[in-house]
Amino acid sequence: MTVLPSLPAQIDPGLVSRAFEVAGRLANDAADVIIATAGRGVRPAPTESPFDWVTDTGRTLERHTRRILADEFPGIPVFGEEFDAAPTTVAEHWAARAGSARFRWSVDPVDGTANYVAGLPWCAYSLAMLDEHGPVVGVVADPYRTQIYAAARGRGMRANGTPVRLPEQGETRGGIVCTELTKNGPWRGMDRFITNAASAQVGVRLLGSPALAITQVALGHTAAAVLDSYQEWDVAGALALATESGATVLDRRGNVNSLPLDGLLVAAPGIATNVHDWWREATEPS
């Protein structure tokens, strides 16, 4: 079932324009740093998961982002992968993230850290300004393709300044769907999901960056992305792109949701229901 969300309140256009401009500058800065340092002697710190690495580059980029945003937008809190823990429940999410503030920033300085450490050309910088309804402004820097993708609510998506809008699509056959592993490996039902997609003659790819997986849908390169587990900073910037390009964003139950907190599906227009069926069938008890 698809349930339409309530409409967000009007936001000062000047604030949105300034957030869009500052986020774009930060994305360009980050892209330069990532290209200059990827795969060149970086050493991940020990963490619980060997593929949930923290690097000096990530810390440096996040500190830079926090410093600039604090100067430009005093009073708007900033949350990021390197220095913040996630809320333990969905109910705690907004209070833990923004408190009494109307807006918050969410940053992932290096999304796809394992790829970055290995020098594989598939990682990104992601930044979003959000309110209680979801992303207001979002940017994703794709350094290896020298692309900055940016979007603002109601203003559309752009790739290096060129507008992007997805056409209506009703055919999944021959397409590609992206997903990602969780910190502990495959998510429950992942094998069945891949089988369901293969039965529909659709390929599944695991590329190691949630932000870029969603961005490929927003660009029209892939049919859909299904993420069973993630943090807000992994996906917020890319979800802004997807929404403004015309993609459909659904939560685990199949409801329209601009920022799902417990599993999400992003799909090209016209095919979200089909892909959601594969996901639902894969995760239902046998």
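In this numbering scheme, every chain counts its residues from 1 along its sequence in written order. Predicted model: local features are reported for residues with pLDDT of at least 70 only, side-chain atom pairs are reported and counted for 80 or more only, and whole-chain, interface and lining totals are derived from all residues. Where side-chain values are given, they derive from all heavy atoms of the structure, hydrogens and water being excluded.

By the naming in an unreviewed UniProt entry, the protein goes by inositol-phosphate phosphatase and is assigned to Saccharopolyspora phatthalungensis. UniProt positions are given in the numbering used here, feature names are shortened, and annotations may be inferred rather than shown by experiment. Looking at the Catalytic activity (unreviewed entry) heading of the UniProt record, one finds this comment for the protein: "a myo-inositol phosphate + H2O = myo-inositol + phosphate". In UniProt, the protein has this text filed under Cofactor (unreviewed entry): "Mg(2+)".

Trainee: Just give me the short version of the overall build of the protein, but keep the residues and values in it.
Mentor: Each helix is a run of H or I in the DSSP string that is no shorter than four residues. Each strand is a run of E no shorter than two, and both are numbered from the N terminus. Helices and strands together make up the secondary structure of the protein, namely eight helices and 12 strands. Counting every position in the protein, which comprises 286 residues, the buried fraction comes to 52%. In this description, contact between two residues means that some pair of their heavy atoms is separated by no more than 4.5 Å. Excluding contacts between residues fewer than 6 apart, the proportion of contacts in the protein whose partners are at least 24 apart in sequence is 68%. All accessibility values rest on the Shrake-Rupley procedure with a 1.4 Å probe; residue burial counts only the protein chains present in the view. Summing over all exposed atoms, the protein offers an accessible surface of approximately 12,700 Å²; the carbon and sulfur share of this is 53%. In this scheme, a residue with accessible area under 20% of its type's maximum is buried, one over 50% is exposed, and one in between is partly exposed, where area comes from a 1.4 Å probe on protein chains only.

Trainee: Kindly report on the environment of Glu21, identifying the contributing residues and their values.
Mentor: If you trace the backbone, Glu21 turns up in helix H1 (residues 13–37). Glu21 sits 116 residues away from Val137 along the chain, and the two C-alpha atoms are 9.8 Å apart. A distance of 2.7 Å separates a polar atom in the side chain of Glu21 from a polar atom in the side chain of Arg25. Under this definition, polar contacts are N or O atom pairs within 3.5 Å; protein pairs additionally need one hydrogen-donor-capable and one acceptor-capable atom, and for neighbouring residues in sequence, both atoms have to be side-chain atoms.

Trainee: Which residues make up the packing of helix H6 (residues 210–219) against helix H7 (residues 232–245), and what are the values?
Mentor: Convention adopted: a line fitted to C-alpha atoms gives each axis, helices being fitted over their contacting stretch, and angles between N-to-C directions are expressed from 0 to 180 degrees. Taken N-terminus to C-terminus, the directions of H6 and H7 make an angle of 5 degrees; their axes are 8 Å apart at the nearest point. Put simply, H6 runs roughly parallel to H7. Residues Pro210, Ala211, Ile214, Thr215 and Ala218 of H6 lie in contact with H7, whose contacting residues are Asp234, Val235, Ala238, Leu239, Leu241, Ala242 and Ser245. An angle below 35 degrees is read as roughly parallel, one above 145 as roughly antiparallel, one from 65 to 115 as roughly perpendicular, and any other as oblique.

Trainee: Please give an account of the pairing of strand E6 (residues 156–159) that cites residues and values.
Mentor: Judged by which residues are buried, E6 turns out to be one-sided: Met157 and Ala159 face inward and are buried, whereas Gly156 and Arg158, on the alternate face, are not. We treat two strands as partners when DSSP finds at least two bridges between them. Here strand E5 (residues 147–152) pairs with E6 via four bridges, running antiparallel. Of the residues in E6, the one forming a bridge with Ala152 is Gly156. Following E5, the chain reverses through three residues before pairing antiparallel with E6; Gly154 in that reversal takes a positive phi of roughly 80 degrees. As judged from the three bridges shared by E6 and strand E7 (residues 162–164), these two strands associate in the antiparallel manner. Paired with Ala159 across the strands is Thr162, a residue of E7. The hairpin turn running from E6 into E7, its antiparallel successor, is two residues long, and Asn160 in that turn takes a positive phi close to 50 degrees.

Trainee: I'd love a proper account of the sheet that holds strand E1 (residues 78–80), names of residues and values included.
Mentor: Overall, mixed pairing links the seven strands, which are arranged E1-E2-E3-E4-E5-E6-E7 in an open sheet. Each edge of the sheet is formed by a strand with only one pairing partner; in this case those strands are E1 and E7. Sheet twist, expressed as the mean angle between neighbouring strand axes with direction ignored, is 20 degrees. With respect to the sheet, H1 is in contact with strand E2 (104–111), strand E3 (124–131), strand E4 (134–142) and E5, its orientation differing from that of E4 by roughly 25 degrees. Contacts from H7 reach E1, E2, E3, E4, E5, E6 and E7, with the element oriented near 100 degrees to E4.

Trainee: So what's going on with H7? Which residues, and what values?
Mentor: To estimate the expected span of a helix, count its residues, drop one, and scale the result by 1.5 Å. An ideal rise of 1.5 Å per residue puts 20 Å on 14 residues; H7 measures up with 20 Å between its terminal C-alpha atoms. Of all bends in H7, the biggest is about 30 degrees, found at Ala238. Immediately downstream of H7, the backbone of Gly246 shows phi near 105 degrees, a positive value. Note on bend: the value at a residue is the angle between axes fitted to the seven residues ending there and to the seven starting there.

Trainee: An account of the environment of Met190 is requested, with residue identities and associated values reported.
Mentor: Here Met190 lies in helix H5 (residues 190–199). Look at Met190 and you get buried, because its relative accessible area is 5%. On a C-alpha basis, the gap between Met190 and Thr179 in space is 8.9 Å, while along the polypeptide they are 11 residues apart. Contacts of Met190, omitting those with residues within four sequence positions, involve Thr179, Leu181 and Leu206.

Trainee: Requested: an account of H6, with residues and values cited.
Mentor: For H6, the tally of buried residues reaches 10 of 10 residues, placing the bulk of the element in the interior. Phi turns positive one or two residues past the end of H6, at Gly220, with a value near 85 degrees.

Trainee: Can you break down the sheet that holds strand E10 (residues 224–227) residue by residue, with the values?
Mentor: Strand order in the open sheet formed by five strands is E9-E8-E10-E12-E11, with mixed pairing between adjacent strands. At either margin of the open sheet sits one strand with a lone partner, and together these are strand E9 (203–206) and strand E11 (248–251). Pairs of neighbouring strands in the sheet enclose a mean axial angle of 20 degrees, with direction left out of account. Here E10 pairs with strand E12 (residues 264–267) via four bridges, running antiparallel. Paired with Ala225 across the two strands is Val266, which belongs to E12. Where H6 meets the sheet, it contacts strand E8 (176–179), E10 and E12, and its direction lies at approximately 150 degrees from that of E10. On top of the sheet, H7 reaches E10, E11 and E12; it is set at about 35 degrees to E12, its chief contact.

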